[in-house]
Structures are given as structure tokens and as C-alpha cells.
Amino acid sequence: MQEVKITSADINDEQLKRLYEGAYLTYYMKKIFPFIILAIIAILGSCSQSGNKTKSSSIGADPQMTDSLANDTNGHYMEFKTISNENLWLSVNSNSLKSEQSRRLADAYNAAVVMNSIITDFDLQMRGYDLDDVVKAISCIDVSVVKEPEVMKKLEAYKNEMLYLLSVDPDSVNQEVHNPWKAQDDLYEYLSKKFHVNTFGKFNEDKYRDEYYNCPSVPEWKELRDKRGNDDLVRVLKNKYSQAKDFDARCIYAIELGHAYEADLDTWEDGDYQNPAIPIMEALMNEKKYSLYLNELWQKWRVLYQSSKGASKDSEIPNWIYNDYRNVCCSTILSYIEGHPDDIMAINEFLVMACKENILRYGVFEYGNQYVVEKYYLFSKKVEV
């Protein structure tokens, strides 16, 4: 599945606004109202401790992949932190990679880590996060993890440009030249060409779509996709998932369960404030088995996870957790590619997943964070084929 980068021209702003103000708020009033007062108390406590800073103390928070939404319900703490200083590099020893192809893929992943981490921290600072912390975090990111000299040089220039922009008054520079979004877009364009799937082999998009949407172990998938938005599928899908032996089938049924639970909030247990498909999706990713559907599973899991964190620009957006799971999936895919070097579909899936942007606070959607765009894009009722 080739990635399509969403621009403002692709978004119906009124539809997004209605999603945010209508269905999304209905979801919150029904499922999270009991937590609102606790969240307000936590935010007020955080503000009293940190002055004008937006970060909270996040007592007891564990940023590791094993930290689930369930853990957050015990303390109701909101955590805001930089990620450029986190170890988000691909969890594969580059010296153990068997081929030049695998080393290039690892470089693509780690180059995207640099690109995405820096713009995410810049985006956090724009919302009022401690400038010194952001500068320190970006300063310490080690672009030499990427081995290709030309790519490493581009990453170093991007890092320096972003640090420069953090050191000056935006009104004092020519923003047509010195602009964080331009710097990020220019690097994205460069990396997209440098590591395009066709530089690894011939990719046939029509063949990909045909194979992707016709999984032999789930012959009824089109019918299930056509029914997205119906409110009577949870029981059926839970049964299908429990009976499935094939890993591809389990991934697909988990994806469809995510859609089904979103369409039928009454099937959620009392006190749930996360989609019940979330732990199922996490368990699948943690199995570290290859599937062509890992990317879709991860992207939709991330949207559902963020649903319980919030849609505002000041919501907690735990990109460090999202990237931990991305890392698990991409490491799994790369291990599969090592044994199947000619599987261009797996290579494409790796590249799309590696380069997917983090969830940012600012972007084409003006009324909240960019999770709302992801929700609109991935959970609309329109079927993909």
C-alpha cells in the first residue's frame, strides 16, 4: 500500500469539524464523562507545579511499550515529553543485517525517526512546552545512526535548521526560506525519493491491491468492509477472531473488531474508556509474526488509542508508545524480508510504516490535534476498494 500524504486540499474541513464536534463528543460524553473531573484535577495540579509549562509530573508513568491505557486509568496523569532524546531507533543490530537491501531499509527507518522526532518536538514547543528541554532533546539526537553518508548529511542539515529556528524570533527571518514545515516537507520529499519502493524492485500497485484485499483465509472480508458502521457485528467478529488460526485472518478480524466497537458503544463494558479491540491489537503486534496487515493494524490501533487520550491540541499524545509498537512491527517485517528478499509487498509495507508521520498538534485540521484527520481517514464508512 503506497502511502498518500494528506494535504489541506484533500480534507473536507466542515466534515472534520462535524466529526470533532458531533460524533466525537458523543463518544466522550458516553464513555469518559466519569473521568473528566479527575482529568481537570490532574491538569490543575500539573499547572500549579510547573508554572506556565505544559508538561506534568507524570508520577508513576512508564513510557515503555508495555505501558497500556489500562495503566493510565489508575492515576489519571497526563504526560508530555520530548522524544528526540528517546531511543526510538530500529531494534535491529545493523551489523547483523545480511544484505545491503536490509541495511538500506534500516537507514530508511532511522532517517524517518530523525525527521519525525524533531518535528514532533518542535510541534510540542509551539504549544508552549519548555523551549530549553526541546533544544536539548533535538541537540542530542545522533544522526550518525544512519550509515548512508548523503542521507546523514541531509539529516544533519535538517537538525541544524530546526535548532536555528528555535533560536530566533520567527518574525525576524524570511519564512519562505526558514520555516519548520518547509524543512520537514523538503526532507520528506528527499527521503521519499531516496528510499522509494521502486529502488528496491518493481512494485505493481494493482497487483498489491488485488492481493491485499483478497486474503484467502478471510474470503468474506469485502462483505465485512461493506458492513462497517453497522452496530451488530461485535459478537460475530469476536467469534471469528477466536476461531481463526491463520495470523493474517486474526489481524483482519482484529481490524474489523476495531471498526465494529466504534459503531456499537453499547457493547463496551461499564467503565471502559478505550476501544476493547486495543488489547487484542497489541497482543497481535507483540507476537512478532509477519503479516501484510501489520501496518493497517498498527495505524488503526494508534487512532483508537489516541481516541481515549483526546482530540484537542493540549491532549496527551504519547508518540513514544506509538513508536515503540511501530518499532516492534517494522523489526518483525524486516526479519521476514531478510528471509524473503524478493517480497516487494513486504518491502513496501515496511517503508510506508517506517515513514508514517507522528500525530502532531498542528496541521491541516485547525480545531484540534491531527489525530482527528487520522480518525476521519481510517474510520470513515467508505470502503477502500
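As the structure is a computational prediction, the values presented were derived from the model and not from experiment.

Visitor: Which parts of the structure should I look at to understand the overall build of the chain?
Guide: Along its length, the chain carries 16 helices and zero strands. Within the chain, the proportion of its 385 residues that are buried is 51%. For the chain, the share of sequence-separated contacts (at least 6 apart) that also reach a separation of at least 24 residues comes to 77%. Of the accessible surface of the chain, which amounts to about 17900 Å², a share of 51% is contributed by carbon and sulfur atoms.

Visitor: Got a minute to help me understand the packing of helix α4 (residues 100-126) against helix α7 (residues 180-194) in this structure?
Guide: At a minimum axis separation of 11 Å, α4 and α7 run at an interaxial angle of 170 degrees. Classified by the angle their axes make, α4 and α7 are roughly antiparallel. Facing α4, whose interface residues are R104, A111, A112, M115, I119, F122, D123 and M126, α7 presents P180, W181, Q184, L187, Y188, L191 and K194. A breakdown of the residues in the contact of α4 with α7 according to their chemical character gives 11 nonpolar, one polar and three charged.

Visitor: Whenever I open this one, the confidence of the model for the chain confuses me. Can you help?
Guide: Close reading of the predicted structure is inappropriate where its pLDDT is low. With 79% of its residues at a pLDDT of 70 or more, the chain shows a mean pLDDT of 83. Low pLDDT, under 50, characterises residues 1-75; the stretch is placed with 135 contacts to residues that sit more than four places away or in other chains.

Visitor: What's the story with the pattern of salt bridges in this structure? I'm lost.
Guide: When the charged atoms of two side chains with opposite charge come close together, those side chains can pair. Overall, the coordinates contain 19 salt bridges when judged by the stated rule. Between K227 and E223 there is a salt bridge, with its nearest N and O atoms 3.1 Å apart. Owing to a relative accessible area of 30%, K227 belongs among the partly exposed residues under this scheme. Of the charged contacts, one joins E256 and R228 as a salt bridge, the two residues approaching to 2.5 Å between their closest N and O atoms.

Visitor: Which parts of the structure should I look at to understand the packing of aromatic side chains?
Guide: A ring pair, where both rings are aromatic, is described by two values, the distance of the centres and the angle of the planes. This structure, assessed with the given rule, holds 14 aromatic pairs. The interplanar angle of 75 degrees and the centroid separation of 5.1 Å between the aromatic rings of Y212 and Y213 together place this pair among those described as edge-to-face. Pairing W301 with Y305 gives two aromatic rings, centres 5.4 Å apart and planes at 85 degrees, and the pair type is edge-to-face. In this pair, W301 and Y305 are both assigned in helix α13 (residues 294-307), four residues apart and thus about one turn of the helix distant. The class of W301 is buried, set by a relative accessible area of 0%. For Y305, a relative accessible area of 0% puts it in the buried group.

Visitor: How should I be thinking about a negative patch on the surface in this particular structure?
Guide: Among the surface-exposed residues, E205, D206, D210 and E211 lie close enough to one another that they form a single negatively charged patch. Mapped onto the secondary structure, D206 falls in helix α8 (residues 205-212). Here D206 falls in the exposed class, since its relative accessible area comes to 62%.

Visitor: What should I look at first to understand empty space enclosed by the protein in this one?
Guide: Left-over empty space is what a probe sized like a water molecule reveals as it rolls over the atoms. Inspection of every chain in the model, using the stated rule, returns three cavities of 30 Å³ or more. Roughly 110 Å³ of internal volume is contained in the largest cavity. When contributions to the lining of the largest cavity are tallied by element, the ones reaching two or more residues are α4 and α14 (319-339). Per-element accounting of the lining of the largest cavity gives the leading share, three residues, to α4. Residues of the lining of the largest cavity, tallied by class, amount to seven nonpolar, two polar and four charged.

Visitor: Help me out: how do you make sense of the nonpolar core in this one?
Guide: In terms of nonpolar packing, the biggest core is built from 105 residues, with Y158, Y293, L297, W301, F350 and L351 touching the most fellow members. Looking at this core, the element that brings in the most residues is α4, giving 12 residues. Ignoring anything within four residues of it in the chain, the contact list for Y158 reads V114, M115, I118, I119, A183, Q184 and L187.

Visitor: Where do I start with unusual backbone geometry in this structure?
Guide: Backbone geometry follows two general trends: most residues other than glycine have a negative phi, and most peptide bonds adopt the trans configuration. With phi around 60 degrees, K288 is a residue other than glycine that occupies positive phi space. For K288, the location among the structural elements is in the loop between α12 (278-286) and α13. By relative accessible area, K288 is classed as exposed at 57%.

Visitor: Could you clarify how one ought to interpret the environment of L265 in this entry?
Guide: Turning to its location among the elements, L265 is positioned in the loop between α11 (247-263) and α12. Along the sequence, L265 and N275 sit 10 residues apart, while their C-alpha atoms lie 8.6 Å from each other.

Visitor: Looking at this structure, how should I read the side chain of E349?
Guide: Tracing the chain through its elements places E349 in helix α15 (residues 344-355). There is no salt bridge for the buried E349, and the closest opposite charge comes from R326, which lies 12 Å off by N-O distance. When near neighbours in sequence (up to four residues on either side) are disregarded, E349 contacts Y290, S291, L292, Y293, L294, N295 and I333.

Visitor: Which parts of the structure should I look at to understand the packing of α11 against α12?
Guide: For any two helices packed against each other, the geometry comes down to the angle between their axes and how far apart the axes lie. For the pair α11 and α12, the least separation of the axes is 9 Å and the interaxial angle reads 155 degrees. Of the possible angle classes, the one that applies to α11 and α12 is roughly antiparallel. At the point where α11 passes α12, the crossing takes the left-handed sense. Contact with α11, carried on its side by F247, R250, C251, A254, I255 and L257, involves I280, M281 and L284 of α12 and no other residues of that element. For the contact of α11 with α12, the per-class residue count stands at eight nonpolar, no polar and one charged.

About the cut-offs
- Residues numbered from 1 in each chain as written.
- Predicted model: local features only at pLDDT ≥ 70, side-chain atom pairs only at ≥ 80, totals over all residues.
- Heavy atoms only, no water.
- Helix = DSSP H or I, 4+ residues; strand = E, 2+ residues; numbered from the N terminus.
- Buried < 20%, exposed > 50% of the residue type's maximum accessible area, 1.4 Å probe, protein only.
- Contact = heavy atoms within 4.5 Å.
- Areas by Shrake-Rupley, 256 points an atom, 1.4 Å probe, with all protein chains shown as cover.
- Axes fitted to C-alpha atoms, helices over the stretch in contact; angles between N-to-C directions.
- Parallel < 35°, antiparallel > 145°, perpendicular 65-115°, else oblique.
- Nonpolar A, V, L, I, M, F, W, Y, C, P; charged D, E, K, R; others polar.
- pLDDT = per-residue confidence, 0-100.
- Salt bridge = Lys/Arg side-chain N within 4 Å of Asp/Glu carboxyl O.
- Phe/Tyr/Trp six-rings, centres within 6.5 Å; stacked < 30°, edge-to-face > 60°.
- Patch = residues over 30% accessible without salt bridge, like charges linked within 9 Å, V, L, I, M, F, W, Y side chains within 5 Å.
- Lys, Arg positive; Asp, Glu negative; His and termini not counted.
- Charge placed at Lys NZ, Arg CZ, Asp CG, Glu CD.
- 1 Å grid on protein atoms, 1.4 Å probe; cavity = no way out; pocket = protein on both sides within 12 Å on 5 of 7 lines; lining within 4 Å.
- Points joined across faces, edges and corners; volume = space filled by probe spheres on them.
- Core = buried A, V, L, I, M, F, W, Y, C linked by side-chain atoms within 4.5 Å.
- Left-handed = near helix turned anticlockwise from the far one by under 90°.

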